[in-house]
Amino acid sequence: MSVSRRFRGRAWLVLSLAFLLTIPNLLAASMPDGEGAEAYHDPGFPTPFSDDERVLFDRVRHIFGQAGNPLPRLDAGLRRAALAEAAGLLATSPEDRETRKQRDMRGILRHHGVSDFQVRGGFAASSDKKQLIAGLAAWAAKRVEAGWNRIGVALASNADETAAAVFLTRRVVQLEAIPQRIKRKGTLELTGRTATGVKKVVFYMSGPDGRIKKIKPLRLPSGGISAEIEIAKPGRYAVEVMATEEAGPKVAALLHVCFGDCPSGDAPVLSGSLDAGDPESAQRDILAWINARRAEARRKPLLLDDRLTDIESAYLKTLPDDRALAHQNPQGRDAGARLKAAGLDLAVYGENLGRHKRLSGLLKNLQDSPAHLSNLLSAAFTHVGIAVRRNPNDGRWTVGQLFAAFEEAAVWPAVRMVKPPSTFWKALHENRRVQNAPAMGLYRKYMNLARTHLRAQIKNGQIDPARLRAGVQMTLNADPNDPIRMVALFTAASFDELAEFSGFVQPQWNVLGLAVARLKNGQLAALALLGVRLEAERR
């Protein structure tokens, strides 16, 4: 499952004060102002405050305290970014300041060593310093509910006016210092700690070859986390940190590491003219964009499904425009629960959510995010529902993509049976532990049943999904007391992807039978038998 937490921004006048609130993109379109940091999360000391900066800093923290929230801590990287942004705003002519809204906020912060994904920035310039500070404090007051826990502020002045910048981030995974550029191949170690309430952390990495790898960090006795990333080929590596909290998985951080020469940035994935379109035409454009990305990765195109679109559209209507996007509603219902409520008890599904003031920017964010891209390119999915909403007040786009696997009539050319490695079983059981699900019993009877039926198909050189499912169901129906309640047949690109099958972490299942075959296209085909048994012998 992927998470996309997107963006908010607006512009207004407070007396003679002109605010510029930038709305973030994911990759820099131009170099930020100021000298960049050599590492992410460099623990260097922030530059000392001036008296006016101390007033602004204290005002913002006081607002958070009045709302009963923890006070955000000063962050050295955010302080560096705020200093550069305030100086840059002051050096920009008034008629050109509006264009600063189009810049890449996350790119700016990464340039100064901050990789947090959930970020906000408020910038302003005025000849009245008191009104300037009051206006930015009012801007911060509108964001106290989101749990921002890191802050950076700065002011810069010339003879005519003063410019100010405030950055807020929500940091749920605190990583140790990580170099932004490395000189030789090897292993990059990621270590850090998680905030209270984080149940699970996963790293997604994409390298110069375009492949996406999922890495589960080790849990250290001290309460920290540690993971290793292999850097082999020259180019840009994107590392995304996914943290699962009460409301489901969220993107916590996104950082880029360069080995050798790295491209300065990618061209926009779609023309900006699409942003003037309506949601209906946007849906067609998004589907075409998804299938273009899948064609590049040699994946079959997805078919648009009205049922999935209706489910996702209904969910989008429940998401407030002034809050971060979430994959679970306040009652804890995720995409799987919504599918089941609509009569689609599917074994394989996924969801991407995005929000941005430009549709082209939103899709670029999804493409540049390893976790979201893994959903877009997954070989396991056959259909997608696309919901699009545009806020009539500020023009921001919200997009939901609900992916699912419906069995196709075509057969799957198969090669041989394969045995899941020990790392697969470890990942499966760790996923259940993180979700507080009871241990899964691997039962010889059902392991053999799955292997027997799948092997019979392999002998003919192909898998017929409909016939295989019917054969398994007929065998199970012969015993009315059989505990198996779900027969899942799906494909995956690797055993890492296979271990993420949503049925494996459902707490109601504690019986498992599994068989896996290798298809001629290199994919894996899995037959999973899931059920409930109170007491039985394990394999």
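Let us look at the structure shown here. (Residues numbered from 1 in each chain as written. Predicted model: local features only at pLDDT ≥ 70, side-chain atom pairs only at ≥ 80, totals over all residues. Heavy atoms only, no water.)

**A closer look at the side chain of Arg 396**
Position of Arg 396 among the secondary structure elements: in the loop between strand E20 (383-390) and strand E21 (397-404). Overall, Arg 396 belongs to the buried group, its relative accessible area being 4%. Of note is the side chain of Arg 396, whose polar atom sits 2.9 Å from the side chain of Asp 394. (Helix = DSSP H or I, 4+ residues; strand = E, 2+ residues; numbered from the N terminus. Buried < 20%, exposed > 50% of the residue type's maximum accessible area, 1.4 Å probe, protein only. Polar contact = N/O pair within 3.5 Å; in protein donor to acceptor, adjacent residues only side chain to side chain.)

**Points about the environment of Pro 48**
Note on placement: Pro 48 falls in the loop between strand E3 (39-40) and helix H1 (51-66). Sequence-distant contacts of Pro 48, that is, excluding residues within four places in its chain, are made with Glu 53 and Arg 79. (Contact = heavy atoms within 4.5 Å.)

**Observations concerning the packing of helix H5 (residues 279-296) against helix H9 (residues 370-377)**
Following both chains from N to C, one finds H5 and H9 inclined at 90 degrees, their axes separated by 9 Å at the closest point. One way to sum up the angle between H5 and H9 is to call them roughly perpendicular. From H5, Trp 289, Ile 290, Arg 293 and Arg 294 reach across to H9, where they touch Asn 375, Leu 376 and Leu 377. A class-by-class count of the residues in the contact of H5 with H9 yields four nonpolar, one polar and two charged. (Axes fitted to C-alpha atoms, helices over the stretch in contact; angles between N-to-C directions. Parallel < 35°, antiparallel > 145°, perpendicular 65-115°, else oblique. Nonpolar A, V, L, I, M, F, W, Y, C, P; charged D, E, K, R; others polar.)

**A short note on the pairing of strand E19 (residues 349-356)**
Judged by how many residues are buried, E19 sits mostly within the fold: eight of eight residues are covered. Judged by which residues are buried, E19 turns out to be covered on both faces: Tyr 349, Glu 351, Leu 353 and Arg 355 on one side and Gly 350, Asn 352, Gly 354 and His 356 on the other are all buried. With eight bridges connecting them, E19 and E21 associate as antiparallel partners. Its bridge partner lying in E21, Asn 352 is registered against Gln 401. (Pairing = 2+ DSSP bridges.)

**What about the state of the cysteines?**
Scanning the model with the defined rule gives one disulfide in all. Each sulfur in the disulfide pair Cys 258 and Cys 262 lies 2.3 Å from the other. With relative accessibility at 8%, the residue Cys 258 sits in the buried group. (Disulfide = S-S within 2.5 Å.)

**Topic: the sheet that holds strand E8 (residues 173-175)**
Taken in spatial order, the four strands make up an open sheet running E8-E11-E15-E14, and their pairing is antiparallel. A strand with exactly one partner marks an edge of an open sheet, and here the two such strands are E8 and strand E14 (218-219). Sheet analysis places E8 next to strand E11 (residues 186-194), joined by three bridges and oriented antiparallel. Among the inter-strand pairings, Gln 174 is bridged to a residue of E11, identified as Arg 193.

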